[in-house]
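Chain and residue survey
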Amino acid sequence: MTISGKAQIAGVFGWPIGHSRSPLIHNFWLDQLGIDGAYVPLAVAPDDFEQAVRALPALGFRGANVTIPHKQAALRIVDHLDPLAREVGAVNTLVVEEDGTITGSNTDVFGFAENLQVGGAVPMGGTAVVLGAGGAARAICVALREIGLAKLTVVNRTLAHAETLANTFARDSFSMAACAWEDLEKPLSEADVIVNTTSLGMAGAPPLEIDLAPAKSSALVNDIVYTPLQTPLLKAARARGLTTVDGLGMLLHQARPGFAAWFGQAPEVTDELRALVLKDLGS
Ligand code: NAP
């Protein structure tokens, strides 16, 4: 890796930030593409976040990613807000423009959609079930709508959270419904795409226990949890012969737009990058 006095710099804001794989991903691409640049972790406490973001142009940063707990705060700090980020209600990518202003966007929508398309064909006008109604689910509802699905049911422990998503993201050509866990069977039986966005199944969390028996044999099952990579949901889906897509691709693909904007080259998600991140995750 080359870091000269003219290096282009970007980073990732979080608090804490030590767990983030973004430095590994972006520095892999910088190295692979021979770019004179660096991507650094920026451990910034919530009280200091706005000041730190405002300092990016003066420090010569090309931009930064934003992770927990700053994604909502970034919404009101940026000078220009991408419409998708406004709709999702979270910013995860900052770009410093030529004039020193800062644009905020949300690349989770792109990352999820890219990962799903890589994994298997999603039928236009199809039907989806999203399990969970947290921050990630918001981006995923928008992504499924933008991909061209026609109907989405959100299933969540707290029904009111699912109802909020259904009320927020439905459109004339995209109907949405909220559903309690105990009523999952019918939407599951109609779904072309089934996505887990809850933290269930993650290492250290309780397992996600749903019966996939009602699912169509053509259903595509995606778990955005990627630690472990093969979650209990994906194992159960494979055992039934369903097509599965793991969650690591979402993490990798969401990094692409920021990198391209900051460093001027379009990076690719390769098997080598996947293997590097998997090794770091201990999988
Ligand atoms: P979040 O905002 O905290 O939402 C968590 C969701 O899980 C909520 O719907 C919550 O339901 C549900 N939940 C939590 N514990 C539960 C339990 N014991 N039983 C039933 N439901 C439960 O989290 P998030 O930011 O959306 O992230 C969710 C997961 O996605 C995390 O594992 C995260 O690592 C992963 N993720 C992956 C990517 C990727 O790139 N692959 C990106 C973002 C997030 P309530 O509404 O009832 O609380």
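Everything below is about the structure printed above this text.
This text gives an overview of the structure that appears in the document. This is a predicted model, so every value here is computed, not measured. (Residues numbered from 1 in each chain as written. Predicted model: local features only at pLDDT ≥ 70, side-chain atom pairs only at ≥ 80, totals over all residues. Heavy atoms only, no water.)

Points about the sheet that holds strand S12 (residues 243–245)
Taken in spatial order, the 6 strands of this open sheet run S9-S8-S7-S10-S11-S12, and their pairing is parallel. The two strands at the open ends of the sheet, each matched to only one other strand, are strand S9 (175–179) and S12. Ignoring strand direction, the axes of neighbouring strands in this sheet form an average angle of 15°. Bridging between strand S7 (residues 127–131) and strand S10 (residues 193–196) involves 4 bridges; their strand directions are parallel. Residue pairing for S10: Ala 128 is matched across the bridge by Val 193. Most of the contacts of helix H7 (residues 135–147) go to S7, to which it runs at about 175°, and overall it touches S7, strand S8 (151–155), S9 and S10. (Pairing = 2+ DSSP bridges. Helix = DSSP H or I, 4+ residues; strand = E, 2+ residues; numbered from the N terminus. Axes fitted to C-alpha atoms, helices over the stretch in contact; angles between N-to-C directions. Contact = heavy atoms within 4.5 Å.)

Points about the pairing of strand S5 (residues 93–96)
Every second residue of S5 is oriented toward a common face, with Thr 93 and Val 95 on one face and Leu 94 and Val 96 on the other, all of them buried. With 3 bridges joining them, strand S3 (residues 61–66) and S5 adopt antiparallel strand pairing. Across the sheet, Asn 65 pairs through a bridge with Thr 93, a residue of S5. Strand direction decides the pairing type here: S5 and strand S6 (residues 102–105), joined by 4 bridges, are antiparallel. Its bridge partner lying in S6, Val 96 is registered against Ile 102. Here S5 folds back onto S6, and the loop between the two strands holds 5 residues, one of which, Gly 100, carries a positive phi near 90°. (Buried < 20%, exposed > 50% of the residue type's maximum accessible area, 1.4 Å probe, protein only.)

Looking at the site of the ligand
In the vicinity of the ligand there are 20 residues, among which Ala 133, Ala 136, Asn 156, Thr 158 and His 161 approach most closely. Here an oxygen atom of the ligand and a backbone polar atom of Gly 134 are 3.5 Å apart. Between Arg 157 and the ligand, the recorded distance is 2.9 Å, taken from a side-chain N or O atom to an oxygen atom. Taken atom by atom, the bulk of the ligand overlaps the largest pocket. Mapped onto the shell around the ligand, the elements with two or more residues apiece are H7 and helix H11 (248–254). When its residues are assigned to classes, the shell around the ligand shows 9 nonpolar, 10 polar and 1 charged. (Near = heavy atom within 4 Å. Polar contact = N/O pair within 3.5 Å; in protein donor to acceptor, adjacent residues only side chain to side chain. 1 Å grid on protein atoms, 1.4 Å probe; cavity = no way out; pocket = protein on both sides within 12 Å on 5 of 7 lines; lining within 4 Å. Sits in = over half its atoms within 2 Å of the grid points. Nonpolar A, V, L, I, M, F, W, Y, C, P; charged D, E, K, R; others polar.)

Examining the sheet that holds strand S1 (residues 8–14)
Spatially, S2-S1-S3-S5-S6-S4 is the arrangement adopted by the 6 strands of the open sheet, whose pairing is mixed. Of all strands in the sheet, those bounded by a partner on one side alone are strand S2 (37–43) and strand S4 (80–81). Sheet topology places S1 next to S3; 5 bridges connect them, and they run parallel. Considered in S3, the bridge of Gly 11 is made with Ala 64. In the packing of helix H1 (residues 22–32) onto the sheet, the strands contacted are S1, S2 and S3, and the crossing angle to S2 comes to about 170°.

Remarks on the pattern of salt bridges
This model, assessed by the stated rule, comprises 13 salt bridges. Where Glu 190 meets Lys 151, a salt bridge forms, and the shortest distance between an N and an O atom there is 3.5 Å. Of this pair, Glu 190 sits in helix H9 (residues 185–190) while Lys 151 sits in strand S8, and the two are 39 residues apart along the sequence. For Lys 151, a relative accessible area of 32% gives the class partly exposed. Residues Glu 190 and Lys 186 are paired through a salt bridge, measuring 2.9 Å at the closest nitrogen-oxygen approach. In this pair, Glu 190 and Lys 186 both sit in helix H9, 4 residues apart, roughly one turn of the helix. For Glu 190, a relative accessible area of 28% corresponds to the partly exposed category. Each of Glu 50, Arg 54, Arg 76 and Asp 79 takes part in salt bridges that share partners, so that together they form one network. (Salt bridge = Lys/Arg side-chain N within 4 Å of Asp/Glu carboxyl O.)

Concerning H7
Given a rise of 1.5 Å per residue, 13 residues ought to cover 18 Å, and the 19 Å separating the end C-alpha atoms of H7 matches this to within 8%. All of the buried residues in H7 are Ala 137, Ala 139, Ile 140, Cys 141, Val 142, Ala 143, Leu 144, Arg 145 and Ile 147. In the stretch just after H7, Gly 148 is the one whose phi turns positive, near 115°. (Expected span 1.5 Å × (residues − 1).)

Read these as spatial facts, not as claims about activity.
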